[in-house]
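Report on the structure
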Amino acid sequence: DIDSIISYLLQGLIIQRDLKRIRLACPRNLPIFRIVSLLDRHFHANYIGYGASRLPVLAIYAIYRSLIDDGQQRYVGMQLLPLESHTSADARSGRIGDVDVARADGSTFEAVEVKFDINVEYNIVETAKQKILSSKAERYYILSTKEPLEQDMDMINSEIESLKNVHGCELIINGILPTIKYYLRLLRNPQHFVDNYVELMGTDAAIKFEHKDMWNKLIASL
């Protein structure tokens, strides 16, 4: 079966390529607007395989790591929990978000759910609410690269208000890039975020050769 043989060989070549270590470029002294633009282009580049949805998760994790290392008052004494596998389900892991910040006793202080090219709709908010109710979280973010569904906003806002009154947690829906842009302004040196993002890309199993190669190409084009 010639087609099967060719397919097998091509898959093997791709696997061998992805196993190669690629040195990631780490640009220095970029202004905040350039960092945000670079992330946008990296997230939405034309990739062939899967894994691009992991990039925004790494970016959010990198900004939280930077905030905590920077000594931001809100996160003093808090612990940024390690990232779970890209395929881990929250129900199995016991976590309530893609990125979780815990108190010293291990309880969830703040969590972030990251959506890639998905409009936040009522069902997403309802699912998040059920996870929040079983936790002690003070804030829960649902961040997406797309806007929330306009027709669902009345119901979503009603759920946000109800959750605040019943549980005390503030549920916040926002864009990924606007959130990162805001947090970058709080850092004493935004370079720390870039360093963290590059480091995470280099070690995360879900990030493939093409994502790393694209990053290097984008940096070379600056």
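Before going into details, it helps to say that this report is about the structure given with it. (Residues numbered from 1 in each chain as written. Predicted model: local features only at pLDDT ≥ 70, side-chain atom pairs only at ≥ 80, totals over all residues. Heavy atoms only, no water.)

**Some points on the nonpolar core**
In terms of nonpolar packing, the biggest core is built from 45 residues, with I60, Y64, F193 and Y197 touching the most fellow members. Elements supplying a minimum of two residues to this core: helix 2 (32-43), helix 3 (54-69), strand 2 (99-102), strand 3 (108-115), strand 4 (139-144), helix 7 (176-186), helix 8 (191-203) and helix 9 (209-220). Residues in contact with F193, not counting those within four places in the same chain, are I35, L39, A59, A62, I63, S66, I180, L184 and L187. Residues I96, V125, A128 and C169 belong to the second largest nonpolar core, which totals 16 residues. (Core = buried A, V, L, I, M, F, W, Y, C linked by side-chain atoms within 4.5 Å. Buried < 20%, exposed > 50% of the residue type's maximum accessible area, 1.4 Å probe, protein only. Helix = DSSP H or I, 4+ residues; strand = E, 2+ residues; numbered from the N terminus. Contact = heavy atoms within 4.5 Å.)

**Thoughts on the pairing of strand 3**
Note on strand geometry: in a regular strand, side chains alternate between the two faces of the sheet. Here strand 3 lies mainly inside the structure; 8 of its 8 residues are buried. Where strand 3 meets strand 4, 6 bridges bridge the pair, whose relative direction is parallel. Looking at strand 4, one finds that V114 is bridged to L143. A crossover connection joins strand 3 to the parallel strand 4 through helix 5 (residues 122-133); in handedness this β-α-β unit is right-handed. (Pairing = 2+ DSSP bridges. Right-handed = clockwise from strand over helix to strand, strands pointing away.)

**Things to note about the packing of aromatic side chains**
Under the criterion given, the structure shown has 6 aromatic pairs. Arranged with centres 6.1 Å apart and planes meeting at 10°, the rings of F193 and Y197 form a pair that is stacked. Linking F193 with Y197, this pair stays in helix 8, spanning 4 residues, or about one helical turn. A residue is classified by how much of its surface remains accessible, and F193, at 1% relative accessible area, is buried. Considering the side-chain rings of Y197 and W215, the 5.4 Å spacing of their centres and the 70° angle between planes classify their relative orientation as edge-to-face. Here W215 lies in helix 9 and Y197 lies in helix 8, a separation of 18 residues in the sequence. On the basis of relative accessible area, W215 is assigned to the buried category, the value being 2%. Three or more aromatic residues joined by ring pairs form one cluster here, namely Y64, Y75, F109, Y182 and Y183. (Phe/Tyr/Trp six-rings, centres within 6.5 Å; stacked < 30°, edge-to-face > 60°.)

**Regarding unusual backbone geometry**
Note: most residues except glycine have negative phi, and most peptide bonds are trans. Even without being glycine, N29 reaches a positive phi, approximately 60°. Tracing the chain through its elements places N29 in the loop between helix 1 (2-19) and helix 2. For N29, a relative accessible area of 70% puts it in the exposed group. Phi at D117 is positive, roughly 55°, even though this residue is not glycine. Among the structural elements, D117 can be located in the loop between strand 3 and helix 5. Taking the relative accessible area as the measure of exposure, D117 reaches 34% and is therefore partly exposed.

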